[in-house]
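Letter by letter, the chains look like this.
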Amino acid sequence: MTNNVKIAYYPGCATHGLSKDVDIATKKVAEVLGIELVEVEDWNCCGGGFLDERDEVTHTALNLRNLSNVEKMGLQKMVTPCSVCLQSHRLASNKYHENRDLRKEVDKRLKEAKVEYSGKATAEHIVWVLVRDVGLEKIKSFVKRPLTGLKVGAYYGCQMLRPEQVMGFESAFKPHSLEDLISATGATPVTFPMRTACCGFPLMGSNPKGGLRLAYNVLDSAKSSGADILVHPCSLCHLQLDVIQLKVKNEFNVNWTLPAIYVTQLLGLAFGFSPEELGISKLAQKVLKEKGFA
Amino acid sequence: MENEQEIVVRVKRFNQEKGEWWQEYKLKVDRFTQMTEVLRRIKTEQDPTLAYRASCHMAVCGSCAMKINGEPRLACKTLALDMVKKYGSNVITVEPMDFFEREKDLIVDMEDFYSRMFKVKPRLYPSKEVLEGKAEHRLKPEDQRELWKFEQCIWCGLCVSACPAVKIDPQFLGPAAHAKGYRFLADPRDTIYEERLKILVDSAWRCTYCYMCFNVCPRDVEPVTTIKKTRAHTKFLKERTPVAETGERHIEAIEESIRETGKIQEASVYLKTYGVLGSLIDLIYAFQNGKLKYALIKEEKVKNIEQVKKLMGE
């Protein structure tokens, strides 16, 4: 990738809300790597992974509006740091192309609202752009503070990987993009059994007890495999594993925590930014301090 | 034969007497060799004690579900050399499905799966007139198209074996049963809608949207999609369980927030879902982790909100 590449950037609601630190770190890291992230003009919510249960036509139409705005900006690739936003946009354009009954209804709404979508703009994950377009060698060349000795659990969660037939970047069962990025920072990646299991966030709106159990299972699995800290690729995993990590701790009455940070926060640390500059949470800062990286 | 390649098949074996062990077999395969054929040749040419199920060899009977290189798959729908290519190794691991009780080697007890399926009454309940031959209930093509995808289940059990929610929640029916249940819930010829709602709605809110079932289904049934569609019927259920009630409040809050601002305003969605007390508790956790400053951000409204409203069908 040559310097100063322009890519449309879709933060999504959580990345501009409780997971604001994901936004802060992603922008800083992109700037270092010479990627110009241009926020999608007047973007709307993708539905947060829930709106399609209400009405598939509404969900598809709203996601296509964002992609249409990307096309209006003269761009074709829309990158997002949030796996749920990513999956929502990819599922929407997939359904629009495959389901003619749905397309007919969506087209009516698009016409009514004067939204034009050619089908060319697509959503991609920031991790994909980093691994495939920027490249690990280039990332390594910007590392100022190698995170040698830090054991980082590579947690993928669900929606960056599945469904594999719609996401298509890597195997949903043996992914390695996060391990590759972790290695690029000099840290030691920890591959643990529950790395592609659900963090439980989508259950928090209906069956929070179940949601917290899933979060605990992931954290426990990574902790038992020797991770000092967890890295994940999703603004909603961030809400579950970082923002309310202490709730999980209290619910299961355990005497340990396993702080979770976003993947660009890890890269940011290696690029020389301080944990404060990257908005890293108190719990994670404590671990980083103990390990001598803060 | 030309283009043959040697593979090593590592099978996770099991029997009641010996417990579990791994065993390796070597054989040559070509680009047409299905994993069911691999297993058949191991059994007939090398080791008659190996136990597995397979029947139709064309992804119709659902007998040969197992884990191949860690992926829940039908053995008949998996070509050995595709796995070699995908994972860059001529060693292929074969294990029984997760979750179900093991009987012997790759054979699991499917009783748990069947009982889930029978709970959702997996057949059509037509009207009295139709049963007595006095009327005919035709299905419109667009209704058939809605149901078609969800009707393709072959009861293989892969989705249930890979589902994280069935493992933590005995009240969740599991993906396959939901696909089957929705297929009849949405069938205009069926007559037990109310009863189906009672069976399906609470369970639908216990799915965690991990998309594992969508990923592993060899017939592209998309069980998770039927769970989403079933949730949309919650408003027709008179007596709701706490799980369904909270879920419905949550999605109503999300829809309202998007309708008003084009975005999810976390604070208002939280308040409407969990009430003041529930929201405060989470706020305290956020505060302890240094995140309170982000909780107070009010996201900018979409400027062209009229366009959003039109797209939402107003």
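Residues numbered from 1 in each chain as written. Chains lettered and ligands numbered in written order. Predicted model: local features only at pLDDT ≥ 70, side-chain atom pairs only at ≥ 80, totals over all residues.

> Explain the overall build of chain B here, please?
A count of helices and strands for chain B gives 15 helices and seven strands. Since a compact globule built from 314 residues should have a radius of gyration of about 20 Å, the 25 Å found for chain B marks it as more spread out than a globular shape. With the C-alpha coordinates aligned to their principal axes, the bounding extent of chain B is approximately 70 × 65 × 40 Å. Taken over 314 residues, chain B has a buried fraction of 45%. Restricting to contacts in chain B with at least 6 residues of sequence separation, those with at least 24 account for 62%. (Helix = DSSP H or I, 4+ residues; strand = E, 2+ residues; numbered from the N terminus. Rg over C-alpha atoms; globule rule 2.2 N^0.38 Å. Buried ≥ 20, exposed ≤ 12 C-beta atoms within 10 Å, placed from the backbone. Contact = placed C-beta atoms within 7 Å.)

> Where do I start with unusual backbone geometry in this structure?
Across residues other than glycine, the phi torsion is negative in most instances, and most of the peptide bonds are trans. For the bond from A:R162 to A:P163, the omega torsion is -10°, close enough to zero to count as cis. Here A:P163 is to be found in the loop between β5 (151-154) and α8 (164-167). Its identity as a non-glycine residue notwithstanding, B:F99 has a phi of 75°, on the positive side. Relative to the helices and strands, B:F99 is located in the loop between β5 (91-95) and β6 (102-104).

> Would you take a moment to explain the interface of chain A and chain B for this structure?
Size of an interface: often given as the accessible area lost when the parts come together. Of the residues lining the interface, 54 residues belong to chain A; the matching set on chain B comes to 55 residues. Of all the secondary-structure elements, those providing two or more residues to the side of chain A that touches chain B are α2 (51-54), α3 (56-72), α5 (100-112), α10 (208-224), α11 (235-243), α12 (245-251) and α14 (282-290) of chain A. When the residues that make up the side of chain A that touches chain B are grouped by side-chain class, the tally is 23 nonpolar, 15 polar and 16 charged. (Nonpolar A, V, L, I, M, F, W, Y, C, P; charged D, E, K, R; others polar.)

> Would you mind showing me how to read the domain arrangement of chain B here?
Taken as a whole, chain B is organised into domain 1 (5-108), domain 2 (111-236) and domain 3 (242-311). Computed over C-alpha atoms, the centres of domain 1 of chain B and domain 3 of chain B are 48 Å apart. (Domains from an automatic or database assignment.)

> Sorry, what's going on with the sheet that holds strand β3 (residues 77-80) of chain A here?
Working definition: the strands of a sheet are paired by backbone hydrogen bonds and lie parallel or antiparallel to each other. Residue and element names in this part refer to chain A. What the four strands build is an open sheet, ordered β2-β1-β3-β4; its pairing is parallel. For this open sheet the edge positions go to β2 (35-39) and β4 (122-125), each flanked by a neighbour on one side alone. Between one strand and the next, the sheet's axes are offset by a mean angle of 45°, whatever the strand orientation. In this sheet, β2 lies alongside strand β1 (residues 5-9) in parallel orientation, the contact comprising five bridges. By the bridge assignment for β2, Y9 is matched with E39. Relative to the sheet, helix α6 (residues 126-134) contacts β1, β3 and β4, its axis offset from that of β4 by approximately 75°. (Pairing = 2+ DSSP bridges. Axes fitted to C-alpha atoms, helices over the stretch in contact; angles between N-to-C directions.)

> Looking at this model, I keep getting lost on the nonpolar core. Mind explaining?
Nonpolar side chains in soluble globular proteins generally cluster together in the buried interior. With 190 residues, the main nonpolar core has A:V152 and A:V231 as its most contacted residues. What A:V152 contacts, discounting residues up to four positions off in sequence, is A:I182, A:A187, A:T188, A:P189, A:V190, A:A227, A:I229, A:V231 and A:L266. (Core = buried A, V, L, I, M, F, W, Y, C linked by C-beta atoms within 7 Å.)

> Would you explain the UniProt feature "domain: Cysteine-rich" (unreviewed entry) in chain A in this entry?
All names here are of chain A. Feature annotation in UniProt assigns "domain: Cysteine-rich" (unreviewed entry) to the following positions: residues 7-86 and 153-242. Taken end to end, residues 7-86 is 48% helix and 15% strand, and its first and last C-alpha atoms sit 15 Å apart. Annotation note: span residues 153-242, helix share 41%, strand share 10%, distance between end C-alpha atoms 14 Å. (UniProt positions renumbered as here; feature names shortened; annotations may be inferred.)

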